[in-house]
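# A structural walkthrough
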Amino acid sequence: MRIFICSDAAVLSHQAGTFVANVVADNPQTVLGLAAGATPLGLYRELGCHHDQGLDFSAVTAFGLDEYFGLPAGHPASFRHGIEEHLAARVDLPPARLHWPDVRPDADVAAACAGYERTIAHAGGIDLQILGIGGNGHIGFNEPGSSLAGRTRLVRLTAATRRANEGNFSSPADMPEAAVTQGIGTILAARRILLLASGANKAAAVAAAVEGPVTAIVPASALQLHPDVTVFLDAAAAADLRRRDEYQAEAEMLRRMGLLR
Ligand code: F6R
């Protein structure tokens with residue numbers, strides 16, 4: 001893993017924005033995997049600025065990482081709504097190229113999840129998967145205990161995850177108890193992965209994911225098995241890392257050698 005520690009969330013968003021913009025500039029047909037939630041909003045804002053300066057997203061394809069089960073697409077708390085508002089509309093990503101798992105309550109969920117995996121495969125696989133991390137170490141909605149080889153499926157959300165997200169709903173009772181998520185196996189199949197974390201409430205999960213053992217209890221620790229993971233952290237999220245100084249020294253060295261853009 002390549003770890004970059006930024007002074008604050010604004011710098012993190014700026015640097016992560018440059019990282020993703022370079023990927024899209026190098027390959028205008030990039031296939032992106034998109035996390036929703038609060039953490040990547042600054043990155044998506046930055047991509048809007050890159051688009052204003054000419055970066056073309058018209059040939060990009062994107063796949064939502066996860067979505068609440070049973071929530072209508074237009075629901076203000078749906079991940080789809082968030083990504084459409086904060087990214088797709090800002091960068092001219094064609095609606096037909098932005099894919100979501102089928103979370104309609106009357107859908108055949110298993111068939112829909114298998115279909116989602118096929119659609120990703122038909123697109124040539126995901127080039128860059130953008131991830132946040134839950135305070136409990138989840139990636140996507142792969143909660144602790146998830147198979148490290150799992151694929152897209154219906155999952156039950158833990159009480160901790162429901163508590164962390166219920167503020168987005170008009171009442172806690174409206175918070176869905178289930179979601180459809182790309183599995184950890186789906187995530188690890190992406191060619192590159194970008195993990196973002198900011199805030200002290202992520203510090204323990206980040207340390208466990210990056211420096212702890214690979215274990216299903218910390219789903220994000222599975223990222224240690226992937227050969228191309230870039231992690232952008234703010235100082236608060238990096239606070240519990242034992243090798244913090246080493247990561248910073250390596251980033252400096254790469255910068256000095258001109259190996260970072
Ligand atoms: C969102 C997702 C989740 C979030 C995580 C952090 O699509 O898959 O894993 O990335 O819960 O959420 P925030 O960024 O809101 O703290």
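Residues numbered from 1 in each chain as written. Predicted model: local features only at pLDDT ≥ 70, side-chain atom pairs only at ≥ 80, totals over all residues. Heavy atoms only, no water.

## Quick notes on the packing of helix H2 (residues 41-52) against helix H3 (residues 79-91)
- Where H2 contacts H3, the two axes come as close as 8 Å, and the packing angle between them is 15°. Here H2 is positioned roughly parallel relative to H3, judged by the angle of their axes. By crossing handedness, the relation of H2 to H3 is classed as left-handed. Note on element contacts: H3 touches H2 through Ile83, His86, Leu87, Arg90 and Val91, opposite Leu41, Tyr44, Arg45, Leu47, Gly48, Cys49, His51 and Asp52. (Axes fitted to C-alpha atoms, helices over the stretch in contact; angles between N-to-C directions. Helix = DSSP H or I, 4+ residues; strand = E, 2+ residues; numbered from the N terminus. Parallel < 35°, antiparallel > 145°, perpendicular 65-115°, else oblique. Left-handed = near helix turned anticlockwise from the far one by under 90°. Contact = heavy atoms within 4.5 Å.)

## Quick notes on unusual backbone geometry
- The phi dihedral of Asp92 is positive, around 65°, even though this residue is not glycine.
- Inspection of the secondary structure puts Asp92 in the loop between H3 and strand E5 (98-99).

## Quick look at the site of the ligand
- The environment of the ligand is formed by 14 residues, the closest being Thr39, Asp66, His138, Gly140 and Lys202.
- Measuring from an oxygen atom of the ligand, one finds a backbone N or O atom of Ala38 at 2.8 Å.
- In the environment of the ligand, an oxygen atom lies 2.4 Å from a nitrogen or oxygen atom belonging to the side chain of Asp66.
- For the ligand, whose accessible area on its own is 410 Å², the fraction buried by protein is 88%. (Near = heavy atom within 4 Å. Polar contact = N/O pair within 3.5 Å; in protein donor to acceptor, adjacent residues only side chain to side chain. Areas by Shrake-Rupley, 256 points an atom, 1.4 Å probe, with all protein chains shown as cover.)

## Structural notes on the environment of Val206
- Note that Val206 resides in helix H7 (residues 203-211).
- Sequence separation between Val206 and Ala220 is 14 residues; the distance between their C-alpha atoms is 8.2 Å.
- In this structure Val206 touches Ile133, Ala197, Leu233, Ala237 and Leu241, once residues within four positions along its chain are discounted.

## Here's the deal with the pairing of strand E8 (residues 178-181)
- Neither face of E8 is open: one carries Ala178 and Val180, the other Ala179 and Thr181, and all of them are buried.
- Direction of pairing for strand E4 (residues 66-68) relative to E8: antiparallel, over a ladder of three bridges. The residue bridging Asp66 from the neighbouring strand is Thr181, located in E8.
- The sheet contact formed by strand E7 (residues 153-156) and E8 spans four bridges and is antiparallel. Opposite Leu154, over in E8, you have Val180 as the bridge partner. (Buried < 20%, exposed > 50% of the residue type's maximum accessible area, 1.4 Å probe, protein only. Pairing = 2+ DSSP bridges.)

## Remarks on the packing of aromatic side chains
- Tallied over the entire structure, the rule returns seven aromatic pairs.
- Ring centres of Phe4 and Phe232 lie 5.2 Å apart, and the angle between their planes is 25°; this geometry places the pair in the stacked category. Taken as a pair, Phe4 in strand E1 (residues 2-6) and Phe232 in strand E10 (residues 229-234) lie far apart in primary sequence, 228 residues in all. Across this residue pair, the class does not change: Phe4 and Phe232 are buried.
- Relative to Phe141, the ring of Tyr68 has its centre 5.6 Å away and its plane inclined at 40°; by these criteria the two rings are tilted. Note that Tyr68 is positioned in strand E4 and Phe141 in the loop between strand E6 (128-131) and E7, a separation of 73 residues in sequence. Accessibility classification places Tyr68 together with Phe141 in one group, the buried group. (Phe/Tyr/Trp six-rings, centres within 6.5 Å; stacked < 30°, edge-to-face > 60°.)

## So, the sheet that holds E4
- As summarised here, the arrangement of the three strands in space is E4-E8-E7, forming an open sheet in which the pairing is antiparallel. On the outer flanks of this sheet lie E4 and E7, each paired with one strand and no other. With direction set aside, neighbouring strand axes in the sheet form an average angle of 30°.

## Let's talk about the environment of Leu131
- With respect to the secondary-structure elements, Leu131 resides in strand E6.
- For the pair formed by Leu131 and Ala197, sequence separation is 66 residues and the distance between their alpha carbons is 8.7 Å.
- Leave out the neighbours within four places in its chain, and Leu131 touches Ala35, Leu65, Ile139, Ile187, Ile193, Leu194, Leu195, Leu196 and Leu223.

## Topic: the state of the cysteines
- Per the counting criterion, the structure on display carries zero disulfides.
- No disulfide involves Cys49; its sulfur sits 17 Å from the nearest other cysteine sulfur, which is in Cys6.
- Overall, Cys49 belongs to the partly exposed group, its relative accessible area being 34%. (Disulfide = S-S within 2.5 Å.)

## What to know about H7
- Judged by how many residues are buried, H7 sits mostly within the fold: seven of nine residues are covered.
- Considering only its buried residues, H7 is in contact with E1, strand E9 (192-197), E10 and helix H8 (244-256).

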